[in-house]
Amino acid sequence: LVRACLDLASAQTGISAEGFVVIAMGKHGAEELNYSSDIDLLFLSAADPMEKLKLGQHLIDNLGKVTPEGFLYRVDMRLRPWGRDGFLVTTHEGYLQYIQKHARLWEKQALLKARPVAGDIALGEKLLASVEPHIFSHAPEEVRASVFSMKQRTEQVLQQKGRMWGEVKLGEGSIRDVEFVIQYLQLAHGNQYPDLRGRATLQILPRLAQH
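Not measured: the values here are computed from a predicted model. (Residues numbered from 1 in each chain as written. Predicted model: local features only at pLDDT ≥ 70, side-chain atom pairs only at ≥ 80, totals over all residues. Heavy atoms only, no water.)

Is there a simple way to explain the pattern of salt bridges in this structure?
Pairs may arise between side chains of opposite charge once their charged atoms sit close together. The final tally for this structure, using the stated rule, is ten salt bridges. The closest approach of N and O atoms between Asp61 and Lys65, which form a salt bridge, is 3.9 Å. Note on Lys65: relative accessible area 42%, which makes it partly exposed. A network of salt bridges, in which partner residues are shared, links Lys27, Arg176 and Glu179. (Salt bridge = Lys/Arg side-chain N within 4 Å of Asp/Glu carboxyl O. Buried < 20%, exposed > 50% of the residue type's maximum accessible area, 1.4 Å probe, protein only.)

Please clarify how the side chain of Thr201 should be interpreted in this entry.
Structurally, Thr201 can be placed in helix α9 (residues 201-210). Not counting chain neighbours up to four residues away, the residues in contact with Thr201 comprise Glu32, Lys113, Glu179 and Ile182. (Helix = DSSP H or I, 4+ residues; strand = E, 2+ residues; numbered from the N terminus. Contact = heavy atoms within 4.5 Å.)

So what exactly am I meant to see when it comes to the pairing of strand β1 (residues 20-25) here?
For β1, the buried fraction is high: six of the six residues fall into the buried class. Bridge count between β1 and strand β2 (residues 39-45): six bridges; the pairing is antiparallel. Looking across to β2, one finds that Val22 is bridged to Phe43. Sheet analysis places β1 next to strand β5 (residues 115-119), joined by four bridges and oriented antiparallel. Each residue of the ladder has a partner; that of Ala24, found in β5, is Arg115. (Pairing = 2+ DSSP bridges.)

What is the right way to look at the side chain of Arg80 in this model?
Tracing the backbone through its elements, the reader meets Arg80 in the loop between β3 (75-76) and β4 (89-91). Within polar-contact distance, the side chain of Arg80 engages the backbone oxygen of Arg84 at 3.1 Å. (Polar contact = N/O pair within 3.5 Å; in protein donor to acceptor, adjacent residues only side chain to side chain.)

Hey, could you run me through the environment of Glu179 in this one?
By the secondary structure assignment, Glu179 is in helix α8 (residues 175-189). Excluding residues within four positions of it along the chain, Glu179 makes contact with Lys27 and Thr201.

Any chance you could explain the packing of helix α1 (residues 2-13) against helix α3 (residues 53-64) here in plain terms?
Helix packing geometry: the angle between the two helix axes and the distance between the axes. The N-to-C vectors of α1 and α3 enclose an angle of 130 degrees; their axes lie 8 Å apart at closest approach. If you check the angle between α1 and α3, you find them oblique. Between α1 and α3 the crossing geometry is right-handed. Across the interface between the two elements, Val2, Cys5, Leu6, Leu8, Ala9, Ser10, Gln12 and Thr13 from α1 touch Lys54, Leu55, His58, Leu59, Asn62 and Leu63 from α3. (Axes fitted to C-alpha atoms, helices over the stretch in contact; angles between N-to-C directions. Parallel < 35°, antiparallel > 145°, perpendicular 65-115°, else oblique. Left-handed = near helix turned anticlockwise from the far one by under 90°.)

Please clarify how α8 should be interpreted in this entry.
Helical geometry: 3.6 residues make up each α-helical turn, so side chains three or four residues apart lie on a common side. With 15 residues, α8 ought to run about 21 Å at 1.5 Å a step, and its terminal C-alpha atoms sit 21 Å apart, in line with that. Where α8 is buried, its residues contact α2 (26-29), α5 (105-110), α6 (121-135), α7 (140-160) and α9. (Expected span 1.5 Å × (residues − 1).)

Teacher, can you tell me more about the packing of aromatic side chains here?
Tallied over the entire structure, the rule returns two aromatic pairs. Taken together, a centroid distance of 5.5 Å and an interplanar angle of 50 degrees make the contact between Phe20 and Phe43 tilted. A residue pair is termed long-range when its members are at least 10 positions apart, and Phe20 in strand β1 and Phe43 in strand β2 qualify at 23 residues. An identical accessibility class is assigned to Phe20 and Phe43; each is buried. Ring geometry for Trp82 against Tyr98: centres 4.9 Å apart, planes inclined by 75 degrees, an arrangement best described as edge-to-face. With Trp82 in the loop between β3 and β4 and Tyr98 in helix α4 (residues 92-101), this pair connects stretches of sequence that are 16 residues apart. Here Tyr98 falls in the buried class, since its relative accessible area comes to 5%. Across from the ring centre of Phe136, 4.5 Å away, lies the NZ or CZ of Arg197, which sits over that ring. (Phe/Tyr/Trp six-rings, centres within 6.5 Å; stacked < 30°, edge-to-face > 60°. Lys NZ or Arg CZ within 6 Å of the ring centre and 35° of its normal.)

Structure follows, in structure tokens:
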């Protein structure tokens, strides 16, 4: 569906998708979507990102626009460099520099599930290969503290909203806890055990058991 919507966006704008790649993050990247999932996307270009801006905007519109038949997906672009304040499209080199110099550990954690899904797939695979050494470059204690802190913040927000009971996805002892424990182990031991560098939770569990 993302590929079809990118083809449509290219036809609408007259802008080629050559040198432009859509990276899926989160559950879409890991092929774990459920019935209510939004999709987290990242847009990268080989050259001038301004040339691909309208292409990206139309892609988001095609995916998220409400029609008489409904809509496809809610699209979340907050995992791009600098989040909501960042430019919609980033160059390959610019993204690599961001990961090297500015990315927080939780942003590197999110890249565990990254997968090129539309456009210039080779460009996306080249980028992920470039950033991989930086994902697995932190000491286990640093990773553990970061992951634990992020989970605590999520639970505090739920508590402030009075949503502590029945939070199967985000609460204490939830799906997110399982995912974060696995991702901590991936980040902490992925250098020693390269087979832990996978995307899908259910694929990684038996590999962890083997080690």
